[in-house]
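# Tertiary structure, described
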Amino acid sequence: MTPLAATVRPRVNPYLSIDALDPEAELMLLHFGPQHPSTHGVFRMDLFLDGERIVKAVPHCGYLHRAVEKLCEKLAYVQLPPIVDKNDYVAPMTNEQALVMAFEAMLKLEVPRRARWMRALFAELQRVASHLLWLGTFSLDLGGALGGGSTVFIYCFRERELVLDLFEAVTGARFHYNTHSIGGNRHDLPAGWGAKVKAALDTIEARLPEYLAMTLHNHLFEQRTRGVGVLDGELALELGVTGPNLRASGVDHDLRRDAPFHAYDEVKVNVATARGGDCYARTEVRVAELVESLRLCRALLDGMPEGPINSGKPTKLPVQTKLPAGQQYVGIETPRGELGTWVIADGSQHPYRLKLRPPSLHALSALPYLLPGQTVSDAIAILGSLDPIMGEVDR
Amino acid sequence: MRHFLDAFRSIATAARSFARPPTTVQFPHEVRERAERYRASFALLHEADGDEACIGCLQCERICPSKVIAIKGPAKRDSPISGKKRSYADDFTLDLSACIFCELCVQVCPTDAIVMTREQEPPAYGREALVLTMAKLYENEKAKTRAWGDGTKLMEMQTPPKPPKPAPAGAPVAATSVASPSVGAAPAIEPTSAKPSEALGVASVGSTSAGAATSTSGPGPAPEAMASHAANSGAAALLNEPVTRTPVEPPEAAPLAAAPAGSPKVAAPQPGDEAGAAAPAGASPTKPEGGTP
Ligand code: SF4
Ligand code: SF4
């Protein structure tokens, strides 16, 4: 843990009342969102503007609230994996994994080695898909100046489809897979799938320089992102920001390495960090993770063990799985950071309480600190660079 | 100056795409091919003798997380085909508009009556059109291509094989793991690739126990349990070898191979099903013998 030492501006106090900031009430209040295309979902910010500069920002979330946690209390454990799929709808695989791992930990179930490797492989493929989508939408947020921001978007989307095709071949769904069950996985890898994965990975790797020419290695991109939205490591830790956003602020923290789950105790992860803490650093970290994930996918595929994929009983009845009374927290590293599931069980077939800890919510909580002093167009870049997925923020 | 250069470079990169074939298809006219397991809609199946396969056991209604299946029944009636008394679902509706396509209803069905299809329902103007009635579900049996999964196959894929007892029980186990190479590695290199992973498995026992101490969040399996698992898969790997497997197999596999799906356990449905899907692709997509007589 090496928080970014040098720091940029004095930390703003986002909780200062607007009357203190603006005694003459001359600021303009801009409602940003909730339906703005750059809000990545449904998200609203009240921006107090002095000309083009933001003086104070107040984020409001909750527009996408679907009462998932409450719904989980009504359903049986075996019915939950398809429900949580919908939280982080850009990385559904990791949602399911975080959930079933909590149940497995409560039941002290051993997950077969093949299932753990498959989960790691799915998680890495999902990371590739998720970071690709992020790179695309982020370029879109920055506007068309980069040889067409939408060019990068379409390119990334195209490559992401390759990964979704792979998931479709295994699970039968492109998005909401329901492929994890308590004790293992539901779908085994079909014959010949490995070759398809390798082909897709090769395609993505071969085309990566194209996106990078338009983003990281592009002077225009650099000018739009360098020094914009600098999040210092200490503040990030204070706010509970995790994942690439934290690593871009110079804090070397990755649950895949620090608390290995799945197959990460056998396949080592090289954690990428950057020291800038700005939008450029966040891009750098995500691109580095993308490359690392491609390598991990190949390693996981090559070492994929044989054997059973499930150690529990396959789902048959809602009453079949009852967790002993007690509680358990399990956090895993998703493409966006630490996704935690905290389950409190009372011995019945339903959870007594199920709390999800979405990484995006914590990333968004940095906004009031990052936005003051920036312009409106940078606000969009900063919001995009944090990679929030409103589905999991609001749940 | 650099701006212009970089902008020009971006445009040049983008221009390269002109030479590439298009990635999209003209949707209503062309439909891209769906994976074999693709889940899009539902069908109810008939037995081989033409009787309805659904026995109205309500298992699917109970497991459905969205509560979109409504079944009237079960009712005991004389079968019009065999004349024997058996139970039926009087009515069966599935509300597609709230279904989350989780495949749990397919998985729990004891008679493989409900399956998913690879073709979507067409878009509709009203919600009522998205309710699959019993008649529609039976119509889908013939009108749409079936997805791979049904209750038996999904269950078999997930059920861990019995711990290898001496010879007779061992043979199907070996068949399972052979049939699911899945990683696309050629069988020839399998023995070599199995060895490093075994070695890793053994090595991991130490690293897991070390990791477990520091990790609060990763619920690592108990080291000794992993060791035993490694041993198991080692045994399975030995059984994998085609030479040893062939003599053991015939008494076991012969009845299985005779079954229409042609599949001993887990992933073998793949080739069998492919052949099955290829043949009736044009005419009757579901069970070939599924029609009412
Ligand atoms: S696939 Fe649809 S109908 Fe079947 S259990 Fe899931 S939600 Fe219910
Ligand atoms: S479809 Fe299957 S699970 Fe559902 S009622 Fe009929 S037999 Fe039972």
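Within each chain, residues carry numbers counting from 1 in the order of the written sequence. Think of it this way: whatever chain is written first is A, whatever ligand is written first is 1, and the rest follow in order. Note on the predicted model: pLDDT of at least 70 is required for a residue's local features to be given, and 80 or more for side-chain atom pairs to be given and counted; whole-chain, interface and lining totals, by contrast, use all residues. Side-chain metrics rest on all non-hydrogen atoms present in the structure, leaving aside hydrogens and water.

## Description of the overall build of chain B
Within chain B one finds ten helices and seven strands. Here chain B, with 293 residues, has 40% of them falling under the buried criterion. Here, two residues are considered to be in contact whenever any of their heavy atoms come within 4.5 Å of each other. Taking contacts inside chain B between residues at least 6 apart in sequence as the whole, the part at least 24 apart equals 73%. Method for areas: the Shrake-Rupley scheme with a 1.4 Å probe, in which residue coverage is limited to the protein chains shown. With the model as given, the accessible surface of chain B reaches about 15500 Å², and the carbon-plus-sulfur share is 65%. A helix here means a DSSP run of H or I that spans at least four residues, while a strand means a run of E at least two residues long, and both kinds are numbered starting from the N terminus. Here the term buried applies to any residue with accessible area under 20% of the maximum for its type, exposed to any over 50%, and partly exposed to those in between, with areas from a 1.4 Å probe on protein chains only.

## Remarks on the site of ligand 2
One heavy atom within 4 Å of a molecule or strand makes the whole residue count as near it. Every one of the 13 residues lining ligand 2 counts as a neighbour, but Cys54, Cys57, Leu58, Cys60 and Cys109 of chain B are closest to it. Taken together, the residues that form the shell around ligand 2 break down as ten nonpolar, three polar and no charged. Three residue categories are used. Nonpolar comprises Ala, Val, Leu, Ile, Met, Phe, Trp, Tyr, Cys and Pro, charged comprises Asp, Glu, Lys and Arg, and polar comprises the others, including Gly.

## Considerations on the sheet that holds strand S1 (residues 28–32) of chain A
All names here are of chain A. Two strands form a pair only when DSSP identifies at least two bridges running between them. Strand order in this open sheet of three strands is S1-S2-S3, and the pairing throughout is antiparallel. On the outer flanks of this sheet lie S1 and strand S3 (53–60), each paired with one strand and no other. Looking at each pair of strands side by side, their axes are set apart by 20° on average, direction ignored. Here S1 pairs with strand S2 (residues 44–50) via five bridges, running antiparallel. Its bridge partner being in S2, leucine 29 is matched across the sheet by phenylalanine 48. Lines fitted to C-alpha atoms define the axes, with helix axes restricted to the stretch in contact, and inter-axis angles between N-to-C directions lie between 0 and 180 degrees. With respect to the sheet, helix H15 (residues 376–385) is in contact with S1, S2 and S3, its orientation differing from that of S1 by roughly 35°.

## Focus: the side chain of aspartate 387 of chain A
Inspection of the secondary structure puts aspartate 387 of chain A in the loop between H15 and helix H16 (390–394). Those residues in contact with aspartate 387 of chain A that lie beyond four places of it in its chain are Trp134, Arg286, Arg336 and Ser360 of chain A.

## Quick notes on helix H1 (residues 2–15) of chain B
All names here are of chain B. Expected span, for any helix, means 1.5 Å times one less than how many residues it has. Helix length check: H1, at 14 residues, gives a terminal C-alpha distance of 20 Å against a target of 20 Å (1.5 Å per residue), a fit within 8%. Every buried residue belonging to H1 is among Asp6, Ala7, Ser10, Thr13 and Ala14, and all of these are buried. Buried positions in H1, seen along its axis, are confined to an arc of 120° and lie on one side of it. Set apart from the buried face of H1 by more than 90 degrees, the exposed residues are Phe4, Leu5 and Phe8. The directions from the helix axis to the C-beta atoms form the arc being described.

## Observations regarding the packing of helix H4 (residues 92–107) of chain A against helix H5 (residues 113–142) of chain A
The relative placement of two packed helices is expressed as an angle between their axes plus a distance between the axes. All names here are of chain A. H5 packs onto H4 with a crossing angle of 145° between their chain directions and a minimal axis gap of 8 Å. Our pair here, H4 against H5, has a crossing hand that is left-handed. Two secondary-structure elements touch here, H4 through Pro92, Met93, Thr94, Gln97, Val100, Met101 and Glu104 and H5 through Arg119, Phe122, Ala123 and Gln126. A class-by-class count of the residues in the contact of H4 with H5 yields six nonpolar, three polar and two charged. Crossings are assigned a handedness: left-handed for a near helix turned anticlockwise from the far helix by less than a right angle, right-handed for a clockwise turn.

## Here's the deal with the pairing of S3 of chain A
Residue and element names in this part refer to chain A. Looking at chain direction, S2 and S3 are connected through seven bridges and run antiparallel. Considered in S3, the bridge of leucine 47 is made with alanine 57. Hairpin connection, S2 to S3: the antiparallel pair is bridged by two residues, and glycine 51 has positive phi, about 65°.

## Remarks on the environment of alanine 75 of chain B
Mapped onto the elements, alanine 75 of chain B comes out in strand S3 (residues 75–78). In this structure, the C-alpha to C-alpha distance between alanine 75 of chain B and alanine 40 of chain B, residues 35 residues apart in sequence, is 29 Å.

## Examining the packing of aromatic side chains
Residues and elements named next belong to chain A. Each pair of aromatic rings taken from Phe, Tyr and Trp, with Trp reduced to its six-membered ring, is defined by centres within 6.5 Å and is described as stacked if the planes are under 30 degrees apart, edge-to-face if over 60, and tilted in the remaining cases. All told, the structure shown has eleven aromatic pairs over all chains when counted by the stated rule. On the basis of an interplanar angle of 65° and a centroid distance of 5.0 Å, the ring pair of phenylalanine 167 and tyrosine 177 is categorised as edge-to-face. With phenylalanine 167 in helix H6 (residues 149–171) and tyrosine 177 in the loop between H6 and strand S4 (180–181), this residue pair connects regions lying ten residues apart in the sequence. In this pair, the class of phenylalanine 167 matches that of tyrosine 177, namely buried. Here the aromatic residues Phe122, Phe167, Tyr177 and Trp193 are joined through ring pairs into a cluster of three or more. Whether a charge sits over a ring depends on NZ of Lys or CZ of Arg being within 6 Å of the ring centre and within 35 degrees of the ring normal. Over the ring of tyrosine 155 we find arginine 158; its NZ or CZ atom is 4.7 Å from the centre of that ring. Looking at arginine 226, its charged tip hangs above the ring of tyrosine 280, at a distance of 4.1 Å from the centre.

Interpretation note: all reported values are geometric properties and have no functional meaning in isolation.
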